[in-house]
There are 2 protein chains.
Amino acid sequence: MTDTASPPDLPALDIEDVRAAAARIEGRVRTTPVLRIEALDQMAGAELWLKAENLQHIGAFKARGAMHAVGQLGEAGRARGVITFSSGNHAQAVALAARSYGCAATIVMPTDAPKIKVAGVKALGGEIVFAGTTSDVRREAAMSLAERSGAAVVQPFDHPHIVAGAGTATLELVDEVAARTGGGTLDALLVPVGGGGLIAGACLAAAPAGTAIYSVEPHGCDAMARSLEAGERVAVSPGPTLADGLKPTMVGALNFAIAKQHVAGSFRVGDDDLGPALRALLVHGKVLVEPSGAAALAVALTGRLPGAPRRIGVILSGGNVDPSLVARLIDTPAEA
Amino acid sequence: MTDTASPPDLPALDIEDVRAAAARIEGRVRTTPVLRIEALDQMAGAELWLKAENLQHIGAFKARGAMHAVGQLGEAGRARGVITFSSGNHAQAVALAARSYGCAATIVMPTDAPKIKVAGVKALGGEIVFAGTTSDVRREAAMSLAERSGAAVVQPFDHPHIVAGAGTATLELVDEVAARTGGGTLDALLVPVGGGGLIAGACLAAAPAGTAIYSVEPHGCDAMARSLEAGERVAVSPGPTLADGLKPTMVGALNFAIAKQHVAGSFRVGDDDLGPALRALLVHGKVLVEPSGAAALAVALTGRLPGAPRRIGVILSGGNVDPSLVARLIDTPAEA
């Protein structure tokens, strides 16, 4: 990893951009709880500070970036509605933001999107167009629709408004850790990575305090890890994973530029890690995450972090998952 | 229902006793979140204010009363340890309180207690003695053990310290509703009833504001409803129910005396109501309750309350449930 600044064609962002985003979206998104669960601390051998973005509006952190981005369009920018493409949570987030600002939303979703995420978009009044199963195909469909309708495209992850908005989750976590520990900081922070907007925002919010930030991706969907190793963005053909939110073919250019300045290391997890993490959180913490949302916790529970950090932040990024999958993942013999 | 005061041999309690309990247990129990979940409001046709005691220490409101009762014993009273009898959550609560105050705890549990509740007591350092399957049998076993050891008996529900402690959950709910609505109050409050300590405390905390308080019990375990109808305590032979926390043979004398002054009506629910309520809360709210903890929500979701209340408080009393049961309850086809 190098310590170079962002390329000149990418905007330079810092924690002040995150603070500004937090002020703009206040009241339109939730300040989510930070959970402390003794049984999980014991499994991890460290203090885990769990940022419960599964309890955010629409059940995922994506509400933050979308709300910020749609707000920043201004009234004129929203006049012909907004459009986006997403495997799920960003779809609901844009539908929510559009409703919050009183404009129309069209959402291009993959044909294999979980039913619960499709139902969520419909319930929020979003219009759905199905297209393919990869982010490339649905991006193209959205762009083509936007050209015809004049709707504003809301990027799912690679945009400064999205990054600054996503960063507000980590900003709240950092602030709450400080408040509850008399000014303490996180030694490490684990962040699930799909397109990289969440970790880019986390870098802006947490790196100034010296926190070591780690990316977590499914095996075979490790676009960020490979890009960090290569020093430039690398495309992957996402393999099968339960973490349907962490499957982009490539991380965002802006997100990578920020991540490569700040990210201390990368982890990969399998379905065999995600299921038990989801189950442990449900049993001991009584909250539900989707498999993508369990990715960072899965790493924390296996104690794989270098340097034996004492205080670890974990972003629980979302909780939208079909109940039948949850049933399958948790229906194992109870511990003694 | 009559409006007579408590019999002279029972202590007179009011909201000030609950406030005093809240001050005593502060820092030893959690101020739990009050959840607002749009999809559940739509199902209920009202604003539901969900007090998430499933996110309390040991996963249930019982931590409050036990912490208060063990604290009020004083150091001398705890010197030979504490002992209790419980179908589950009170067991963990007393083990937690004993650990918090640095004394030993012995817990008499039913032979059919859920594994997760047994494991919870062990993890907190409590010593377990198994005895029978009814509250009568385990009460007798505990009394006999206490006589020999000199340990202090911590009643599970029928004691002024337990009632005042349990009432702190409703006190927090009432205070948060007021804070978030500019001084508003609840029109109605739904409370699951086992031995009646939770609803007795709820009466103390919520009745002064004019809130209509309703009891909720499983069909066949309706000791409170029958007692209110009869005007005196009536014993039941608890029938089968998924709500293992709501199966006492009789409500407490103190609890009944308070309830009959304040409770506006009673509801009964079946397993067919509890499962869907648990599932709806997990899907839409991302939090897990045990079947007992879903009882009040089950009534709220069916819109059965008289007078079409606009703002309804719902106590989610606990979240300790074997994952295999959760898997069975949620593994139904997803909604469209």
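Source: prediction; values computed, not measured.

Asker: Run through the overall build of chain A, naming residues and quoting values.
Answerer: Looking only at helices and strands, one finds 13 helices and ten strands in chain A. In terms of overall dimensions, chain A is globule-like: its C-alpha atoms have a radius of gyration of 18 Å, near the 20 Å expected for 336 residues. Across its three principal directions, the C-alpha atoms of chain A cover 55 × 45 × 40 Å. For chain A, contacts bridging at least 24 residues in sequence account for 71% of all contacts bridging at least 6. On chain A, roughly 12,200 Å² of surface is accessible, and the fraction owed to carbon and sulfur atoms is 51%.

Asker: Account for the sheet that holds strand E5 (residues 127–130) of chain A, naming residues and giving values.
Answerer: All names here are of chain A. If you trace the four strands from one edge of the open sheet to the other, you get E5-E4-E3-E6, paired in parallel fashion. Whereas interior strands pair on both sides, the edge strands pair on one side only; in this sheet they are E5 and strand E6 (152–153). In terms of strand pairing, strand E4 (residues 105–109) meets E5 through four bridges, oriented parallel. From the neighbouring strand, Ile107 faces E5, where its bridge partner is Ile128. Contacts between helix H6 (residues 135–149) and the sheet are confined to strand E3 (82–85), E4, E5 and E6, with E3 contributing the most and set at about 165° to the helix.

Asker: Tell me about the packing of helix H1 (residues 15–25) of chain B against helix H8 (residues 160–180) of chain B, and name the residues and values.
Answerer: Residue and element names in this part refer to chain B. At a closest axis distance of 8 Å, the pairing of H1 and H8 adopts a crossing angle of 90°. As far as their axial angle goes, H8 and H1 are roughly perpendicular. In this structure, H1 uses Ile15, Asp17, Val18, Arg19, Ala21, Ala22 and Ile25 to contact H8, whose residues at the interface are Ala164, Gly165, Gly167, Thr168 and Leu171.

Asker: Mind laying out the packing of aromatic side chains, listing which residues take part and the relevant values?
Answerer: Aromatic ring pairs are defined here through the distance separating the ring centres and the angle between the ring planes. All names here are of chain A. Overall, the coordinates contain two aromatic pairs over all chains when judged by the stated rule. Centre to centre, the rings of Tyr214 and Phe267 are 5.5 Å apart; their planes meet at 55°, and the pair counts as tilted. Of this pair, Tyr214 sits in strand E8 (residues 212–218) while Phe267 is found in strand E9 (residues 263–269), placing the two residues 53 residues apart along the sequence. Relative accessible area serves as the criterion here: at 10%, Phe267 is assigned to the buried category. The residue whose ring lies beneath Arg28 is Tyr101, and the NZ or CZ to ring-centre distance is 3.9 Å.

Asker: Give a description of the confidence of the model for chain A that names residues and reports values.
Answerer: Residues and elements named next belong to chain A. Scored by pLDDT, chain A has a mean of 93; 96% of the residues are at 70 or more. In this model, residues 1–6 is a region of pLDDT below 50 whose contacts with residues beyond four sequence positions or in other chains number twelve contacts. Among the scores for the predicted complex, ipTM is 0.91 and pTM is 0.92.

Asker: So what about the interface of chain A and chain B? Which residues, and what values?
Answerer: Between chain A and chain B, the residue contacts involve 28 residues of the former and 28 residues of the latter. Interface of chain A and chain B: buried area, both sides summed, is about 2,200 Å²; carbon and sulfur atoms make up 62% of it. At the boundary of chain A and chain B, one finds two salt bridges. The tally of links from chain A across to chain B stands at ten residue pairs in polar contact (both at pLDDT 80 or more). Where the side of chain A that touches chain B is concerned, the elements lending two or more residues are helix H5 (115–123), helix H11 (271–285) and helix H13 (323–330) of chain A. Tallying contributions element by element places H13(A) first for the side of chain A that touches chain B, with five residues. A breakdown of the residues in the side of chain A that touches chain B according to their chemical character gives 13 nonpolar, six polar and nine charged.

Asker: Any chance you could break down the relation of the copies chain A and chain B for me, citing the residues and the numbers?
Answerer: Screw-axis analysis of chain A against chain B gives a translation of 0.0 Å along the axis, an RMSD of 0.0 Å, and a rotation angle of 180°. Put plainly, the chains are arranged around a two-fold axis. Comparing contact sets, 100% of the residues at the interface of chain A also lie at the interface in chain B, consistent with an isologous, same-surface contact.

What counts and what doesn't
Residues numbered from 1 in each chain as written. Chains lettered and ligands numbered in written order. Predicted model: local features only at pLDDT ≥ 70, side-chain atom pairs only at ≥ 80, totals over all residues. Heavy atoms only, no water. Helix = DSSP H or I, 4+ residues; strand = E, 2+ residues; numbered from the N terminus. Rg over C-alpha atoms; globule rule 2.2 N^0.38 Å. Contact = heavy atoms within 4.5 Å. Areas by Shrake-Rupley, 256 points an atom, 1.4 Å probe, with all protein chains shown as cover. Pairing = 2+ DSSP bridges. Axes fitted to C-alpha atoms, helices over the stretch in contact; angles between N-to-C directions. Parallel < 35°, antiparallel > 145°, perpendicular 65-115°, else oblique. Phe/Tyr/Trp six-rings, centres within 6.5 Å; stacked < 30°, edge-to-face > 60°. Buried < 20%, exposed > 50% of the residue type's maximum accessible area, 1.4 Å probe, protein only. Lys NZ or Arg CZ within 6 Å of the ring centre and 35° of its normal. pLDDT = per-residue confidence, 0-100. Buried area = accessible area lost by both parts, 1.4 Å probe. Salt bridge = Lys/Arg side-chain N within 4 Å of Asp/Glu carboxyl O. Polar contact = N/O pair within 3.5 Å; in protein donor to acceptor, adjacent residues only side chain to side chain. Nonpolar A, V, L, I, M, F, W, Y, C, P; charged D, E, K, R; others polar. Least-squares fit on C-alpha atoms with pLDDT ≥ 70 in both.

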